[in-house]
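# Survey of secondary and tertiary structure
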Amino acid sequence: MVLTFLQPATIAEACFLLAKHGQQAKILAGGTDLLVDMRNGHIKPQVLIDLTRVQELGEIAESEGAISIGSTVTFADLALSKLIQTKLPVLAQAAKVVGSPQIRNRGTIGGNIANASPAADVVPVLVALEGVAVVAKAGGVKEVPLEELITGPYRTALACDELISGVKVKVPQPGTGMSFAKVGRRNSLAISRLNGVCLLKSEGRIIRRVRLVLGSATPTPARFKKVEEYLVGENASAEVFREAGKIAAEYVQQVTGRRASSAYKLPVVENLTTRLLQEAWEKGGSVNE
Ligand SMILES: Cc1cc2nc3c(=O)[nH]c(=O)nc-3n(C[C@H](O)[C@H](O)[C@H](O)COP(=O)(O)OP(=O)(O)OC[C@H]3O[C@@H](n4cnc5c(N)ncnc54)[C@H](O)[C@@H]3O)c2cc1C
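The structure displayed is predicted, hence computed values, not measured ones.

### Quick notes on the overall build of the chain
When helices and strands are tallied, the chain shows 12 helices and 13 strands. The C-alpha atoms of the chain give 19 Å as radius of gyration, which agrees with the globular expectation for 289 residues (19 Å, within 12%). Referenced to the eigenvectors of the C-alpha coordinate spread, the extents of the chain come out at roughly 60 × 45 × 30 Å. Residues counted as buried form 50% of the 289 residues belonging to the chain. Excluding contacts between residues fewer than 6 apart, the proportion of contacts in the chain whose partners are at least 24 apart in sequence is 62%. Accessible area of the chain: about 13800 Å², with a carbon and sulfur share of 50%. Averaging the coordinates of the 34 positive side-chain charges in the chain and doing the same for the 27 negative ones gives two points 6 Å apart.

In structure tokens:
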């Protein structure tokens, strides 16, 4: 049974409460993961610290080539934000395919990161955008790359007195093509069997920079660096993108080992990667320099 429900008004107050209640407390944002876990009896916090009244956590702002997104920004906020639609269209796309309208209205970006599900839809996009979590605790703030913050399926490096106050991502360089796709059992209210995001920048046909992340493919969201390294310097072509797809599938098998789902998943990884690269290439304004 929850004994205490607290609603801080500032980040400093939330951090103070976390420090005070330690292991007994859980942060509540949208509740779309936490309340399910509580109802199933998986966790039994004594204290809930609700972040929804902390106004500074609900903001999206751009400054010096980066966009900061507060941790209680919801999927609906992301999908509707003109700034996100214009500068980070793949993030708006990913937010739009999360759950149902009810989940998108409640679920937050901070919750998606902290829950650390391998099937999260928004997190792979944030990793491709070289996202850094802003982690606050009483008396200090630090920035942690998301690839380091998420340490395993449903595990993070957050201490019990720390909260994510937001995430900062780089705005991709002009001319960067971006693509996102989600594969689920059905079109809406589906957990990703696989999702993926690609950012690709070229000069003429020569590929200069790639960021590729597939979600629900590896235990933690991470850039597919083998694929990225193979592509840089290559001439963009259907053949090169198909080869990159094969490298992605080999990489997933190397990381996860052969599993019952491999017969389905590996060809989907290959095809999805090929498609993401092709789409990103077509969307990018290749620059002749
Ligand atoms: C029906 C349904 C469908 C769903 N579909 C999808 C989907 O398609 N794609 C997808 O990615 N997810 C999906 N989800 C999962 C969920 O909606 C997301 O993971 C969501 O982002 C969680 O955010 P929240 O604000 O609801 O987090 P909460 O449930 O409030 O919290 C989740 C966890 O994160 C911690 N936490 C929350 N905020 C912070 C913070 N700022 N700092 C530190 N810790 C924090 C909490 O203590 C808790 O442990 C679905 C869930 C449901 C119930």
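### A short note on the pattern of salt bridges
Taken as a whole and judged by the stated rule, the model has 12 salt bridges. Residue Arg-211 is joined to Glu-130 by a salt bridge in which the shortest nitrogen-to-oxygen separation is 2.9 Å. With Arg-211 in strand S13 (residues 206–215) and Glu-130 in the loop between helix H8 (123–128) and strand S6 (132–137), this pair connects stretches of sequence that are 81 residues apart. Accessibility expressed as a relative area gives 23% for Glu-130, which makes it partly exposed. Look at the salt bridges and you will find they share partners, linking Glu-130, Lys-170, Arg-209, Arg-211, Arg-223 and Glu-228 into a network.

### Some thoughts on the packing of helix H11 (residues 238–256) against helix H12 (residues 262–283)
Running from N to C, H11 and H12 cross one another at 140 degrees; their axes reach a closest spacing of 8 Å. What the angle tells us is that H11 and H12 run oblique. Helix-helix and strand crossings are classified by hand; for H11 and H12 the assignment is right-handed. Contacts between H11 and H12 involve Ala-238, Phe-241, Arg-242, Ala-244, Gly-245, Lys-246, Ala-248, Ala-249, Val-252 and Gln-253 on the former and, on the latter, Leu-266, Val-269, Glu-270, Thr-273, Thr-274, Leu-277, Gln-278 and Trp-281. Among the residues making up the contact of H11 with H12, the classes are represented as 10 nonpolar, five polar and three charged.

### Points about H11
In a regular helix each residue adds 1.5 Å, so 19 residues correspond to 27 Å; H11 covers 27 Å between its end C-alpha atoms and thus fits that length. Taken together, the buried positions of H11 are Val-240, Phe-241, Ala-244, Gly-245, Ile-247, Ala-248, Ala-249, Val-252 and Thr-256. The elements touched by buried residues of H11 are strand S12 (194–203), S13, helix H10 (225–231) and H12. Just downstream of H11 lies Gly-257, where phi reads positive at about 75 degrees.

### Points about the sheet that holds S13
Either a parallel or an antiparallel arrangement is found when strands of a sheet pair, and the pairing is made through backbone hydrogen bonds. The strand order across the open sheet formed by three strands is S11-S12-S13, and the pairing between neighbours is antiparallel. Each end of this open sheet is capped by a strand with a single partner; those strands are strand S11 (177–183) and S13. On average, adjacent strands in this sheet sit at an angle of 10 degrees to one another, irrespective of strand direction.

### Some thoughts on the site of the ligand
Neighbouring the ligand are 31 residues, the closest being Ile-27, Thr-32, Asp-33, Thr-108 and Asp-121. In this structure, an oxygen atom belonging to the ligand sits 2.5 Å away from a side-chain N or O atom of Asp-33. At a separation of 2.7 Å, a nitrogen atom of the ligand approaches a polar side-chain atom of Asp-121. Relative to its unbound accessible surface of 980 Å², the ligand loses 87% to contact with the protein. When contributions to the shell around the ligand are tallied by element, the ones reaching two or more residues are strand S2 (25–28), helix H7 (109–115) and strand S10 (163–170). The element best represented in the shell around the ligand is H7, accounting for four residues. Split into classes, the residues belonging to the shell around the ligand amount to 17 nonpolar, 10 polar and four charged.

Basis of the calculations
- Residues numbered from 1 in each chain as written.
- Predicted model: local features only at pLDDT ≥ 70, side-chain atom pairs only at ≥ 80, totals over all residues.
- Heavy atoms only, no water.
- Helix = DSSP H or I, 4+ residues; strand = E, 2+ residues; numbered from the N terminus.
- Rg over C-alpha atoms; globule rule 2.2 N^0.38 Å.
- Buried < 20%, exposed > 50% of the residue type's maximum accessible area, 1.4 Å probe, protein only.
- Contact = heavy atoms within 4.5 Å.
- Areas by Shrake-Rupley, 256 points an atom, 1.4 Å probe, with all protein chains shown as cover.
- Lys, Arg positive; Asp, Glu negative; His and termini not counted.
- Charge placed at Lys NZ, Arg CZ, Asp CG, Glu CD.
- Salt bridge = Lys/Arg side-chain N within 4 Å of Asp/Glu carboxyl O.
- Axes fitted to C-alpha atoms, helices over the stretch in contact; angles between N-to-C directions.
- Parallel < 35°, antiparallel > 145°, perpendicular 65-115°, else oblique.
- Left-handed = near helix turned anticlockwise from the far one by under 90°.
- Nonpolar A, V, L, I, M, F, W, Y, C, P; charged D, E, K, R; others polar.
- Expected span 1.5 Å × (residues − 1).
- Pairing = 2+ DSSP bridges.
- Near = heavy atom within 4 Å.
- Polar contact = N/O pair within 3.5 Å; in protein donor to acceptor, adjacent residues only side chain to side chain.

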